[in-house]
Amino acid sequence: MKQTYLLILLILVTNVSLFAQDADSTKIINQGKSYPFIFQDSPARLSTMRQFNVNYLSSYRILSTAFDKSFSPAINYSLQSLVIILGLGSLTHEEGHRSILSAKNIGSISQPFFFSKRDGFVDGVTDLTLINLRSSDFPDFIRLYTAGSESDYMMGNREESLMAFGDESFRNLAAEYLIRKASLIQYYLIGFVHYDVDGAEETNELKRDIVGNDVYGAARNLFRPTMLFHRYTLFNDLTSEEKNYVYKMGHRSLFNLVNLNLIGIPNIAFSNNLSLNFGMGHILCPFGDFTDENFWIHYKKLKVLAYVREFQNRTNWFMGGGLSLMDYPISNRIETSLSAHLWDQPKDLGFNDTQGLTGGAVDFTGKYFFSTHALNNLKRVSIDLGITYKSKGFLPEDVYLSKHLGFRLGATFNIQ
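No experiment lies behind these values; they were computed from the predicted model shown.

Below, the discussion takes up the nonpolar core. Among the nonpolar cores identified, the biggest contains 50 residues, and Phe141, Leu144, Tyr188 and Tyr245 are the most heavily contacted of them. Among the secondary structure elements, those contributing two or more residues to this core are α6 (91-103), α7 (127-136), α8 (138-164), α9 (170-193), α10 (214-223), α11 (240-253) and β5 (274-285). Of all the elements, α8 adds the most residues to this core, at 7 residues. Setting aside its immediate chain neighbours within four residues, Tyr188 contacts Ser149, Val215, Val246, Met249, Gly250, Ser253, Ile283 and Leu284. Leu162, Met163, Ile179 and Leu262 belong to the second-largest nonpolar core, a separate cluster that totals 17 residues.

Below is the structure:
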């Protein structure tokens, strides 16, 4: 994994002229940028996956904008890449794993940094705790394996939305976005090279990674949920059927490469008022995997993200989709976002389920802005209130698989 990151760094630095989008960056800076933060989400313990992703991305954008204003493009890219590789890149991935444990009232320790063993992991959980979770709540147990790539996927989706709607330049996100895409796909492609991340399990079980290799471990447990428990999985531990499943996930992971943002094109403009973009994505989920077709539509003040989603467990397909209206200005002081999701998923969120269960979710965010004329470049600050209601089912970034009503509180800083 470290070698992959270093290779990506070399590519970014040597091809910086291709990625620099000066006109786009200047346009956005002149219009000002908005940086949302979530102070409290539901459940209100540590941070949720959504909370950590939102706060990380806003912090990274502030840092990358400062680099962009202070350095040449080559140095800007180099500094961004070094920050990701040496410090921040694994934070959201490992916090994704950790957030599922926290939602289940299970304490754990995130060790996300490049210089830690395994290039980042989560530990501090006993075998008995994991065995009990597997016995009592198998979908959430599988999600311990899949939550890291789920977090990476949603981070990429957020970045693609920022670029598609002209809210952030490709130049300020390129290092983070490209490295994250490569890292996400790398997790799935290791099946083709039979690369074993895991070795022998540590003697002290509290020092063990909670799941080991995400993809190998998820495949082994999905096909053999009652087998003798052990955390780490080598490629040769997999059966022929499980290896074929890993290969299939590797092929499908290439859908994550279908997006014009990967070559620095945030959208296709049809007029001054209308621009569109399209992208695809794929990751594992608690009962199998899913594939997305995403559509970004920017028409005047309307920023719309629509998606169609195909879920699959062992042999059955289930459909879903959603529609989001993002950052719509009702007045000079009030901004709202509204998302609706509808799905058919395995009835008990099981890998072998044949019957489906229809469900959905609605998410609303309202922002009230205050002017801050006396604070230099800080134009406005908002108080953000959010509410989410979802039925039983899997919704990426929402840490609950059960029926849930949640609230959140945050703020958005608008900087000129």
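The rest of the description comes next.
Taken as a whole and judged by the stated rule, the model has 17 aromatic pairs. When the ring of Phe223 is compared with that of Phe351, the centres are 5.0 Å apart and the planes differ by 70°; the resulting orientation is edge-to-face. Remark: Phe351 occurs in the loop between β9 (334-346) and β10 (356-371) and Phe223 occurs in helix α10; sequence separation between them is 128 residues. The exposure class assigned to Phe223 is buried, which follows from its relative accessible area of 15%. Through pairs of rings, three or more aromatic residues link up here, namely Tyr153, Phe287, Phe290, Phe311 and Phe394. In this arrangement the basic side chain of Arg309 is found over the ring face of Phe290, its NZ or CZ atom lying 4.6 Å from the centre. The ring of Phe369 is capped by Arg380, whose NZ or CZ atom sits 3.8 Å from the centre of that ring.

Moving on, we come to the pairing of β5. On a regular strand, each side chain points to the face opposite its neighbour's, so the side chains alternate between the two faces of the sheet. The element β5 is largely enclosed, with a buried count of 9 among its 12 residues. The pairing of strand β4 (residues 268-269) with β5 spans 2 bridges and is classified as antiparallel. Paired with Ile268 across the bridge in β5 is Leu276. The hairpin turn running from β4 into β5, its antiparallel successor, is 4 residues long. Here β5 pairs with strand β6 (residues 288-299) via 12 bridges, running antiparallel. Following the sheet pairing, Ser275 is matched in β6 by His298. Hairpin connection of β5 to β6: 2 residues between the antiparallel strands.

The rules we used
- Residues numbered from 1 in each chain as written.
- Predicted model: local features only at pLDDT ≥ 70, side-chain atom pairs only at ≥ 80, totals over all residues.
- Heavy atoms only, no water.
- Core = buried A, V, L, I, M, F, W, Y, C linked by side-chain atoms within 4.5 Å.
- Buried < 20%, exposed > 50% of the residue type's maximum accessible area, 1.4 Å probe, protein only.
- Helix = DSSP H or I, 4+ residues; strand = E, 2+ residues; numbered from the N terminus.
- Contact = heavy atoms within 4.5 Å.
- Phe/Tyr/Trp six-rings, centres within 6.5 Å; stacked < 30°, edge-to-face > 60°.
- Lys NZ or Arg CZ within 6 Å of the ring centre and 35° of its normal.
- Pairing = 2+ DSSP bridges.

Keep in mind that these numbers describe shape and distance, not what the molecule does.
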